[in-house]
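A look at the structure
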Amino acid sequence: MSITQSEYIWRDGQMIPWAEATTHVLSHGLHYGTSMFEGIRVYDTPKGPCGFRLRGHVERLFSSAKIYAMEIPFSVDELVNACHETVQINKLTSAYLRPIAYHGYGDIGVSPGPDTPINVAIAAFPWGAYLGEAGRQNGVDVCVSSWRRPAPDTIPMAAKAAGNYLSGFLISREAKNRGFAEGIALDVDGRLSEGAGENLFIVKDGTLFTPPAAASILSGITRDCVIKLAAQMGLQTKEQAMPREMLYVADEVFFTGTAAEITPIRSVDGNPVGEAGCGEITRAIQERFFGLFTGATPDSENWLEPIGSNVVREDAHVSKIAV
Ligand SMILES: Cc1ncc(COP(=O)(O)O)c(C=O)c1O
């Protein structure tokens, strides 16, 4: 899905024009995948544009960085503020935010020395349904990938690090080459893990099942929302290791993610799932989820963060516009 440009990008404390947000070809992150990033959606709601679990995403950026001992030279508050500012300055009412922190230009050794800066940037731009609007409504056809997720003692999948997406790239590209919308990976033990960029849920006999954190997944923020919304609806979720064939006997299967939101899966490896459309429980969870943004679902957990509502502390860094 190609990018629709907006006007400004926040970089290292300054707003700069979109076209100037470039980086040196010898940046460490470009060579070794040493970048941590986030994807955050801003929804147009009756309260105005709202970041969805925005602070939680920024906190996850810091926890990804912590796994790699990467010191981000800004605070959580400062990057939350910068996210708000980037949406505001681009006059966006709904958007996808992409904060990224990366080892920049300075050292070309695998483990960068102290002279290599940690650069931080935040882009905000309009973005539609990741797996297509029709897919979000009626379900997508997926396959189980021949590529497994990395073993837990190889690369930490709990960090949202750029390097992890080489695995996602192979899974997604193989699926598309075979005519599927997305691929599902197994973990090193051959149990279900997740999609290339989505978490996985199975519905069986009225209960939700999802692979656990130990199955080489990114513990998604949308996954957490779905577990909580399902509980509000009286549905239990079991986080447990599952064999591949659970997909073939499931009543319903769906993906969750900031990009994919809640996307039903209508077939796996050519086998229809349930009635081969969006299942009843998936539809009810979708309605509950998207209802957060129309006001139909009460925001009981304060997941919506109105853009501009951030409290800028006196000592906080405020972006300068370099134009
Ligand atoms: C590999 C992977 N798994 C799961 C997810 C879903 O995570 P979240 O719901 O926090 O966006 C994503 C997207 O960020 C992802 O890239």
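Residues numbered from 1 in each chain as written. Predicted model: local features only at pLDDT ≥ 70, side-chain atom pairs only at ≥ 80, totals over all residues. Heavy atoms only, no water.

With that settled, the discussion passes to the domain arrangement of the chain. One can read the domain layout of the chain as domain 1 (8–130 + 303–321) and domain 2 (133–294). A straight line from the C-alpha centre of domain 1 to that of domain 2 covers 26 Å. On the side of domain 2, 30 residues touch domain 1, which itself brings 26 residues to the contact. When the buried surface of domain 1 facing domain 2 is broken down by residue, Phe37, Arg60 and Trp303 rank first, second and third, together holding 25% of it. On inspection of domain 1 and its partner domain 2, the count reaches 2 salt bridges. Glu261 is paired through a salt bridge with Arg41; the nearest N and O atoms lie 3.6 Å apart. The tally of links between domain 1 and domain 2 comes to 9 residue pairs in polar contact (both at pLDDT 80 or more). Only strand 3 (35–37), strand 4 (40–45) and helix 2 (54–67) provide two or more residues apiece to the side of domain 1 that touches domain 2. (Domains from an automatic or database assignment. Contact = heavy atoms within 4.5 Å. Buried area = accessible area lost by both parts, 1.4 Å probe. Salt bridge = Lys/Arg side-chain N within 4 Å of Asp/Glu carboxyl O. Polar contact = N/O pair within 3.5 Å; in protein donor to acceptor, adjacent residues only side chain to side chain. Helix = DSSP H or I, 4+ residues; strand = E, 2+ residues; numbered from the N terminus.)

As a further point, take helix 2. Relative to the 20 Å expected for 14 residues at 1.5 Å per residue, helix 2 spans 20 Å between its end C-alpha atoms, a close match to the ideal helical length. Every buried residue belonging to helix 2 is among Leu54, His57, Val58, Arg60, Leu61, Ser64 and Ala65, and all of these are buried. Viewed along the axis of helix 2, the buried residues span an arc of 155 degrees, placing them on a single side of the element. A positive phi of about 50 degrees marks Ala69, the residue just after helix 2. (Expected span 1.5 Å × (residues − 1). Buried < 20%, exposed > 50% of the residue type's maximum accessible area, 1.4 Å probe, protein only. Arc of directions from axis to C-beta.)

Another aspect to go through is unusual backbone geometry. Notably, Asp12 is not glycine yet its phi reads approximately 50 degrees, a positive angle. Within the secondary structure, Asp12 sits in the loop between strand 1 (8–11) and strand 2 (14–17). For Asp12, a relative accessible area of 32% puts it in the partly exposed group. With a phi close to 60 degrees, Ala276 is a non-glycine residue in the positive phi region. With respect to the helices and strands, Ala276 occurs in the loop between strand 16 (271–272) and helix 8 (280–294).

Below, the discussion takes up the packing of aromatic side chains. Throughout the structure, instances matching the rule amount to 15 aromatic pairs. A ring pair is formed by Tyr43 and Phe52, whose centres lie 6.2 Å apart and whose planes are at 85 degrees; its orientation type is edge-to-face. In this pair, the class of Tyr43 matches that of Phe52, namely buried. Ring geometry for Trp127 and Tyr130: centres 5.7 Å apart, planes at 50 degrees, overall tilted. An aromatic cluster is present here, built from Tyr43, Phe52, Phe289, Phe290, Phe293 and Trp303 joined pairwise through their rings. (Phe/Tyr/Trp six-rings, centres within 6.5 Å; stacked < 30°, edge-to-face > 60°.)

Attention now moves to the site of the ligand. With respect to spatial proximity, 16 residues lie near the ligand, and among them Tyr165, Glu194, Ile221, Thr222 and Thr258 are the closest. Take Thr222: an N or O atom from its side chain is 2.6 Å from an oxygen atom of the ligand. A distance of 2.6 Å is found between an oxygen atom of the ligand and a side-chain nitrogen or oxygen belonging to Thr258. In the complex, the protein chains occlude 94% of the 390 Å² of accessible area that the ligand would expose alone. Contributing elements (two or more residues each) for the shell around the ligand: helix 2 and helix 6 (221–232). Of the residues contributing to the shell around the ligand, the split by class is 4 nonpolar, 7 polar and 5 charged. (Near = heavy atom within 4 Å. Areas by Shrake-Rupley, 256 points an atom, 1.4 Å probe, with all protein chains shown as cover. Nonpolar A, V, L, I, M, F, W, Y, C, P; charged D, E, K, R; others polar.)

A separate point is the pairing of strand 7 (residues 118–125). Along strand 7, 8 of the 8 residues are buried, which leaves the element largely enclosed by surrounding structure. Of the two faces of strand 7, both are covered, the one formed by Ile118, Val120, Ile122 and Ala124 as well as the one formed by Asn119, Ala121, Ala123 and Phe125. When strand 1 meets strand 7, the two strands line up antiparallel, connected through 2 bridges. Considered in strand 7, the bridge of Arg11 is made with Ala121. Sheet analysis places strand 6 (residues 95–103) next to strand 7, joined by 8 bridges and oriented antiparallel. (Pairing = 2+ DSSP bridges.)

In this structure the tally under the stated criterion is 13 salt bridges. Note that Arg223 is salt-bridged to Glu239, the shortest N-O span being 2.7 Å. Pair noted here: Arg223 is in helix 6 and Glu239 is in strand 13 (residues 237–239), with a separation of 16 residues, a long-range link. By relative accessible area, which is 6% here, Arg223 ends up buried. With its nearest N and O atoms 3.0 Å apart, the salt bridge here joins Asp269 to Arg244. Placement of the pair is Asp269 in the loop between strand 15 (261–268) and strand 16 and Arg244 in the loop between strand 13 and helix 7 (246–249), with a sequence separation of 25 residues. Taken together, the salt bridges that share partners define one network made up of Arg41, Glu133, Arg136 and Glu261.

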